[in-house]
Amino acid sequence: MKIVICGAGQVGYGIAERLAAEQNDVSVIDSSPQLINAIGDQLDVRGFVGHGAHPDVLAQAGAEEADMIVAVTLYDEVNMVACQVAHSLFNVPTKVARIRAQSYLQGRWRNLFSRDHMPIDVIISPEIEVGEMVLRRLALPGAVETVRFADDQVVVVGIMCEEDCPVVDTPLRQLTELFPDLGAVVVGLYRNNRLFVPKSSDSILTGDLAYVVARRDQVRRTLSIFGHEEPEAARVVICGGGNIGLYVAKALEQRQSGTKIKLIEASRERAMAVADELKRSVILHGSALDQTILNEADAGDADTMVALTNEDEVNILSSVMAKKLGCKRSLSLLNNPSYPAFANALGIDAFINPRAVTISRILQHVRRGRIRGVHSLQNGAAEIVEAEALDTSPLVGKPLRVIDLPSGIRIGAVFRGGEVLTPNGDLQIQAQDRIVIFAVANRVRQVEQMFRVSLDFF
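These numbers were taken from a predicted model, which means no experiment stands behind them.

K.L.:
What should I look at first to understand the overall build of the protein chain in this one?
P.N.:
From N to C terminus, the protein chain includes 14 helices and 22 strands. Computed over its C-alpha atoms, the radius of gyration of the protein chain comes to 23 Å, within 12% of the 23 Å expected for a compact globule of 458 residues. The principal-axis extent of the C-alpha atoms belonging to the protein chain is close to 65 × 60 × 45 Å. Out of the 458 residues belonging to the protein chain, those deemed buried represent 55%. If you take every contact in the protein chain between residues at least 6 apart in sequence, the share linking residues at least 24 apart comes to 64%. Surface accessibility of the protein chain: about 20,300 Å² in total, with carbon and sulfur atoms responsible for 47%.

K.L.:
Even after reading the chapter, I still don't get the sheet that holds strand 21 (residues 419-421), so can you show me in this structure?
P.N.:
One key point about sheets: their strands pair by backbone hydrogen bonds, in either a parallel or an antiparallel sense. Reading across the sheet, the five strands line up as 18-19-22-20-21 and stay open at both edges, with antiparallel pairing between neighbours. The outermost strands of the open sheet, each flanked by one partner alone, are strand 18 (371-377) and strand 21. Across the sheet, the mean angle separating the axes of adjacent strands is 20° when strand polarity is ignored. Judged from the seven bridges that link them, strand 19 (residues 382-388) and strand 22 (residues 434-440) form a sheet pairing that is antiparallel. Along strand 22, the bridge assignment pairs A382 with V440.

K.L.:
When you look at the UniProt feature "domain: RCK N-terminal" (unreviewed entry) in the protein chain in this model, what are you seeing that I'm missing?
P.N.:
What UniProt calls "domain: RCK N-terminal" (unreviewed entry) maps, in this numbering, to residues 1-124 and 233-352. Taken end to end, residues 1-124 has its terminal C-alpha atoms 20 Å apart, with 35% of it in helix and 22% in strand.

K.L.:
Help me understand the pairing of strand 2 (residues 25-30) in this model?
P.N.:
Each regular strand carries side chains that alternate between the two faces of the sheet. Strand 2 sits mainly inside the fold: five of its six residues count as buried. Where the polypeptide runs from strand 1 (residues 2-6) across helix 1 (residues 10-21) and back to strand 2, its parallel neighbour, the crossover connection is right-handed. Handedness of the crossover is the feature at issue here: the chain leaves strand 2, passes through helix 2 (residues 33-42), returns alongside strand 3 (residues 46-49), and the resulting connection is right-handed.

K.L.:
Please clarify how the domain arrangement of the protein chain should be interpreted in this entry.
P.N.:
Quoted interface sizes are often the accessible area lost when the parts come together. Domain parsing of the protein chain yields domain 1 (1-123), domain 2 (128-224), domain 3 (233-355) and domain 4 (364-448). With centres defined by C-alpha atoms, the gap from domain 1 to domain 2 works out at 35 Å.

K.L.:
Would you take a moment to explain the packing of helix 5 (residues 126-139) against helix 13 (residues 354-366) for this structure?
P.N.:
Think of two packed helices as two axes; the pair is described by the angle between the axes and how far apart they sit. Contact geometry of helix 5 with helix 13 gives a least axis separation of 10 Å together with a crossing angle of 110°. When the axis of helix 5 is compared with that of helix 13, the two are roughly perpendicular. As for the relative orientation of helix 5 and helix 13, their crossing is right-handed in sense. Judged by residue contacts, E129, V130 and M133 of helix 5 engage P354, V357 and R361 from helix 13. Looking at the contact of helix 5 with helix 13 residue by residue, the classes come out as four nonpolar, no polar and two charged.

K.L.:
Quick question: what am I supposed to make of the sheet that holds strand 16 (residues 329-333) here?
P.N.:
Taken in spatial order, the six strands of this open sheet run 14-13-12-15-16-17, and their pairing is parallel. Each edge of the open sheet is held by one strand with a lone partner, namely strand 14 (282-285) and strand 17 (350-352). Between one strand axis and the next, the sheet turns by 15° as a mean value, whatever way the strands run. Bridging between strand 12 (residues 235-239) and strand 15 (residues 304-307) involves four bridges; their strand directions are parallel. Bridge pairing links V237 to M305 in strand 15. Taken strand by strand, helix 5 contacts strand 15, strand 16 and strand 17, and its axis lies near 165° from that of strand 17.

K.L.:
Explanation requested: the UniProt feature "domain: RCK C-terminal" (unreviewed entry) in the protein chain in the structure shown.
P.N.:
UniProt's entry tags residues 144-228 and 372-453 with the feature "domain: RCK C-terminal" (unreviewed entry), counted in the numbering of this structure. Across residues 144-228, the secondary structure splits into 16% helix and 35% strand, with the terminal C-alpha atoms separated by 11 Å.

K.L.:
Even after reading the chapter, I still don't get the side chain of D208, so can you show me in this structure?
P.N.:
By secondary structure assignment, the location of D208 is in the loop between strand 10 (194-196) and strand 11 (209-215). The class for D208 is buried, based on a relative accessible area of 1%. Polar side-chain contacts of D208 include one of 2.8 Å to the backbone nitrogen of L205. Beyond its immediate stretch of four places on either side in the chain, D208 contacts I159, M160, C161, L189, Y190, R191 and S203.

Rules of the game
- Residues numbered from 1 in each chain as written.
- Predicted model: local features only at pLDDT ≥ 70, side-chain atom pairs only at ≥ 80, totals over all residues.
- Heavy atoms only, no water.
- Helix = DSSP H or I, 4+ residues; strand = E, 2+ residues; numbered from the N terminus.
- Rg over C-alpha atoms; globule rule 2.2 N^0.38 Å.
- Buried < 20%, exposed > 50% of the residue type's maximum accessible area, 1.4 Å probe, protein only.
- Contact = heavy atoms within 4.5 Å.
- Areas by Shrake-Rupley, 256 points an atom, 1.4 Å probe, with all protein chains shown as cover.
- Pairing = 2+ DSSP bridges.
- Axes fitted to C-alpha atoms, helices over the stretch in contact; angles between N-to-C directions.
- UniProt positions renumbered as here; feature names shortened; annotations may be inferred.
- Right-handed = clockwise from strand over helix to strand, strands pointing away.
- Domains from an automatic or database assignment.
- Parallel < 35°, antiparallel > 145°, perpendicular 65-115°, else oblique.
- Left-handed = near helix turned anticlockwise from the far one by under 90°.
- Nonpolar A, V, L, I, M, F, W, Y, C, P; charged D, E, K, R; others polar.
- Polar contact = N/O pair within 3.5 Å; in protein donor to acceptor, adjacent residues only side chain to side chain.

The following block contains the structure:
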């Protein structure tokens, strides 16, 4: 595909890196010569210095032949106008824009982004995307990663296997025999910095991060089997009253009326604005790195510390300090891709990378075939994909046991007529089934081919 990316910041760089690695033709526009020089030196992309919404700059970047424009500059209005210009002058088929201001996204203004007004095909709101992911983590504290597919009926959870995990050293084949009605499948293991699809004879080891696809009604039971029975957080301390912190606090007030919320915000002006919008939360003005403030927020008695400031270092240190005071769990927002590698060693129980969330949304529209959802794992080492089977798919009409899936691919669930089916050797996939499938990075192209019209993919 030919793709034009407006914005070479952290998100734009991450998208360009991923798409270029998959041999897409990528052009990147940014007004900063330093960012364009850096991205051109490090990635196989073409860089252009200029304003992302100017027609002449878009033309230089190849908008006339582009299949997609992805506008992720720091400014909503630039992103919106870039998509409008791409549509009106260059007839770009797919237009993606990052829009952060919530006033644009209110339901009563929904028609703004229609084809007749400002034609944007995909709107990405990092605050909402990340906020919802935080809320899912709070609802399932035993999971370090939680993603939903198939109308929220299929859940993919990442589960840390600690020393007290009951299924450590148990072959996966035996797990199936012990819990035949579980409705969950281990599709991937992250071990020693490597993500792979385990064989049925493989065992889970202490320290593994297991990725499990489960029916929604079986998620808590699955976590329990893996030794995680942590209750939903009743006392939450939020560090950072920005857009994400405010979104999470508001949602908790509305959805979990019994949850006690305390929010720490460093800016006095912002703290007062947040206090005006929240009804039950206690707002504290001060630094989350100040132990006095943490004590005032009762961080030591909290179930979860959620660090959502714009600074990774503040998020890491405040989480560590809260855990030292006695906080049961911590969840941090980490933008720097190098930080997650040592987050667990510092005692941070879970983290969210906003860039990864945004990239996953965009990949859904880059992937060819009937792809309904995509979530990237471990910095692109693998993907969970939800795809719809066509009549011509080589998966249709045969028992799974006779289909020779390539190594590095595993089917986790099949969604048919509102029902979730756990895959087994006798199951036959039908046309229009929605399949949740795990694939390591170098097998993603083959997954795409399975869900395209062509019969040839092996």
